[in-house]
Amino acid sequence: MSARAATLDDSRAVTSEHRRAANHTVTIVPHTHWDREWYQPFSVFQARLVETVDQVLDLLDEDPEFTHFMLDGQAVVLDDYLAVRPEAEGRISEFVRSGRLAIGPWYTLPDEFLSSPEALVRNLLIGGSTCRRFGEPMPVVYTPDSFGHVSQLPRLAHGFGFDSLVFERGVGNEGEQIGGEFRWSSADGKSSVLAVHLLTTYSSAAGIGYRDWSRYDGFDPHRAVAHAKKALYGGSERIGMEGWLDESLGRIQGGSSAYATGSNLLLLNGSDHLPPQKDLPKVIELLNEHIEGASFRLGRLREYIDGVLLEAGERDDSAGKLREFQGEFRGSRYHHVLSGVFSARIYLKQANHTAQQAVERYAEPLSVRAYLAGAPYPDSVLDWAWKELLRNHCHDSICGCSIDQVHDEMMPRFAGVMAGSRNLGRKALAHLTGGHWEVAPAPLIGDRLSPPMAGDRIAEDPAFLTVFNPHPRPWRGVLEALLPLPAGKRPPALLDSSGGTVWAELEHLQAPVPGDARKSEAQMRVRWLAELAPLSVTSYELSDVRSGEEQRRANGPSGGVIAGGVIAGDDTLENDRLLLECRPTGLVLTHKASGARMNVKLTLEDVADAGDEYDFSPLAGDEPLVKELHGLSLVGHATGAQSAEALSPESLSGALRISGELLLPERLSEDRLGREGRARAPFTVSARLEAGDPFVRLDVKLENGSQDHRLQLVAHCDIADDKVAVEGHFDVLERPIALPKAKGWFQTPSGTDHQRRFLAVGDGRRGLAILNAGLPEYSAQSTPDGTRLAVTLLRSVGWLSRNDLVSRPEGAGPALPTPGAQCLGEHNFELALMPFGGAWDEAGVPATADRFTAHPLVEATAAPASEHPAGHRPANDRPRHDDGAWLELPEGLLLSAVKKAATSNALIVRFWNPGKSRVDGPLRLARAPARVELVDFDEKTRRELRPTGEHLAEIPLSLDPKEIVSLAITFGGEAVR
């Protein structure tokens, strides 16, 4: 029976128990939720998208009563649709401008945690610009299916001019206090938005009245009314709809009305990949006729938002009835939050980290430097790179919870972003050095863009090594380049801008000739101690001239640790900042400046994983297999291992290493109740200390031959703390180590959580941070003698989703095999241990994590940079602002972006304060700008700032904790050198 002909007899009409004293206004918003790729590859879903959007456009054409449809809050569906139906652009524009079709504001619906903070900004920036081809984006930040939400999402929304956002997952026990609508404040407390929690899911009225959503078959008017009542007012009775939705609605006692702050209620008519329900207007007539106390309408999400704000007395931003919340959403009281996605297919997370860094920290700022020197800014190429990256940030994509083909197709996108970014950087440096630019080969996945990888020659016969410092402060440390060494050619000296020889170490290698593995050629690895000015481009000359005094200097300073080198013993490494001692019971780390000393025991720990791509699931009776990483030995000494490093009492670096193998079960048994077989996993762990570094680098190499398991690197430290400091998104969160009380939760908390580049514990006097490059999952536990910190290296599973997990009450997707998610083969992981004194923010842990993950970029050039490059100086001689720097931030602030504005010639510089104290100080520029404006994420002017300073422009800054600032800086028409 169709809804147009449906009637209800009086005996089954609404009973008094369902009537409400309040008259509810119920807005039903028709939509589709579009996973761009998931249990089928993109090409299949794109074909379905074309069919679905065709139906939407035809329906809007044919039925004036079908007044509105929402395209899932993301603009990429327009690009994907028009790639097949370009002739439909005019129809889309017509419906968007008339308000009948809602698009954007995101470009893609991302996983917020696995996208960088800057990537979230660009997602909304590019989403808005994409939408404006057709009209204005939807004026609500709609993010229905991300697996939790970052603490600065309200700041992000507010910075684009949005006053509201709508979301589903991540709410914990706080949900019983804040209700279904509340004010969500940013982490810095300076802005807030209306937040709407979709307790009854983004599918609350999907296929209402129908038994079969896929064909809209089997309509029952009684089912339609029962469905609406259950979503709005609760109830445990089964009503014959999709089983998972029936159960989801039944979990919310009292329905959405029980959590509402007023009389406005919301139902969403749609779900994953569903076409429009064409008879919805008639179904709404049916509901209005048979449900008392409620008035139903087909409407826009914005209409519902306006009703809530008006009723709460907040349309004029005055204090209203809504409760307030500040923080992130990582709970699973009402819906599963799927924490295992942080470690599913870890190779994706590493590639994403590298690709994001490539665009944000190298391609864009180097292109800005070249632009200031007169080169065209590569807007279109960077826009392509960002869109390609954002397509990989769709939550089912970057989370690693799709079929193998989806993730196989993601890797070329990452590789393309990295290759394109590297070439943009090389092109910019060629402009700055007056050289010739040639397209570089695509870098390998995992290439940090610098230093070059072994076997990747930097040039045939370079004259200079030119270095870009991506940091807005002076940088001092070890750089590396791999150079050809033609037969008979003398190893060169490395000269600074004053002609003095830089302390360098040279290592001779034999490498296969490109294109002919039967032949080898001589190469030379050059490592040197560099001192770089903020955001500088600095050139070092390769010269055959070498005096006796210069030769002595090149071999290393006579002062050893005092001069900043590394002293390596059989079981110790020491520079001017740290001392690492390897003892039979573990490592002892000493932070020299504070005297803080701590014991750290490193282990590799492996457990069974009977889960899927969404969630880890433990195996009953399983005991961890623990490999203690004791017996680290100096590279090239008693272990007999081949050394790839030149070690001396006064070296630029030193490494302690241990090699071995883990003997692991090969797989889960057929019944998935035990582990069987044996698989060997050879590994090497190196602890490396370099001159200038305030941390010990941990390089882990592993050959994984085991399935169905989770492997973690664990640091047991003797520092007691009840919380862990973790970098988030424009925020450093201090999460309790103890898990929340989870009585009545839909999914029990997992014990693992998200980190960006570091986690840290401290007792106020001393602390330990673990830094990482692309390893976003950690866990922390209090122990009788300190704290156990674990970073997940691998999680190997073989299913997209399963229904038999002990860690989750139901499936999260189709039960499809995904053998690629076992992650067999070779893996390399980059971490670091950073001991510190005092509190984490006073010790500069966030800036140090930034230093660890963003290494200066080295390229060979035929000429020096046209700037005045920084030369070699003693450690206490701070580089001046006129020696290659063009922008310097005060200590304590982190850089997020240096780019050209989207719609003007201004430069956008974005930075934030990760600490607990206000940061006051000037932003310094190499020359006075014509204009400086305070803008927001949308790059619209808020107010003008007045620079100061007689010779160097200084822009006074004062940033409160967790505050984010974006500046638009305009120089005069003359090119800036």
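The notes below deal with the structure included here. What you are looking at is a predicted structure, and each value in this text was computed from that prediction instead of being measured.

In a beta sheet, neighbouring strands are held together by backbone hydrogen bonds and run either parallel or antiparallel to one another. A sheet is described by the order of its strands in space; here 5 strands give the open sequence β40-β41-β46-β43-β44, paired in antiparallel fashion. Of all the strands in the sheet, just β40 (894-900) and β44 (941-945) have a single pairing partner and so form its edges. Taking each pair of neighbouring strands and ignoring which way they run, the sheet shows an average axis angle of 25°. The pairing of strand β43 (residues 931-935) with β44 spans 4 bridges and is classified as antiparallel. Within β44, the position partnered with valine 932 by the bridge is leucine 945.

The residue aspartate 145 is located in the loop between β4 (141-143) and α5 (153-159) in this model. Residue classification places aspartate 145 among the buried positions, given a relative accessible area of 7%. Here histidine 33 takes part through its side chain, which lies 3.5 Å from a polar atom of the side chain of aspartate 145. At 2.7 Å, the side chain of aspartate 145 forms a polar contact with the side chain of arginine 169. Excluding residues that lie within four positions of it along the chain, aspartate 145 makes contacts with His33, Asp35, Arg169, Tyr202 and His395.

Attention now goes to the pattern of salt bridges. Applying the stated criterion across every chain, the model contains 77 salt bridges. Of the charged contacts in the structure, one is a salt bridge between glutamate 507 and arginine 525, with a shortest N-O distance of 3.1 Å. Taken together, the residues glutamate 507 in strand β14 (residues 504-513) and arginine 525 in strand β15 (residues 516-532) connect sequence positions 18 residues apart. Just as glutamate 507 is buried, arginine 525 falls in that class too. Between arginine 765 and aspartate 763 there is a salt bridge, with its nearest N and O atoms 3.3 Å apart. Assessed through its relative accessible area of 59%, arginine 765 is described here as exposed. What emerges from the salt-bridge pattern is a single network uniting Glu480, Glu507, Arg525, Arg527, Arg688, Glu690, Asp693, Arg697, Asp699 and Arg851.

Attention now goes to the pairing of strand β20 (residues 586-591). With respect to burial, β20 is a largely interior element, 6 of its 6 residues being buried. Two strands pair when backbone bridges link them, and strand β19 (residues 578-583) and β20 are joined in this way by 6 bridges, in the antiparallel orientation. Directly across from leucine 578, in β20, lies its bridge partner histidine 591. The turn linking β19 back onto β20 is made up of 2 residues.

Spatially, the 9 strands line up as an open sheet ordered β23-β24-β27-β28-β37-β34-β33-β30-β31, and their pairing is antiparallel. Both edges of this open sheet fall to β23 (633-634) and β31 (732-736), since each of them pairs with a single strand only. Here 7 bridges tie strand β34 (residues 766-772) to strand β37 (residues 825-837), and the two strands are oriented antiparallel to one another. Each residue of the ladder has a partner; that of arginine 766, found in β37, is glycine 837.

Cut-off values and rules
Residues numbered from 1 in each chain as written. Predicted model: local features only at pLDDT ≥ 70, side-chain atom pairs only at ≥ 80, totals over all residues. Heavy atoms only, no water. Pairing = 2+ DSSP bridges. Helix = DSSP H or I, 4+ residues; strand = E, 2+ residues; numbered from the N terminus. Axes fitted to C-alpha atoms, helices over the stretch in contact; angles between N-to-C directions. Buried < 20%, exposed > 50% of the residue type's maximum accessible area, 1.4 Å probe, protein only. Polar contact = N/O pair within 3.5 Å; in protein donor to acceptor, adjacent residues only side chain to side chain. Contact = heavy atoms within 4.5 Å. Salt bridge = Lys/Arg side-chain N within 4 Å of Asp/Glu carboxyl O.

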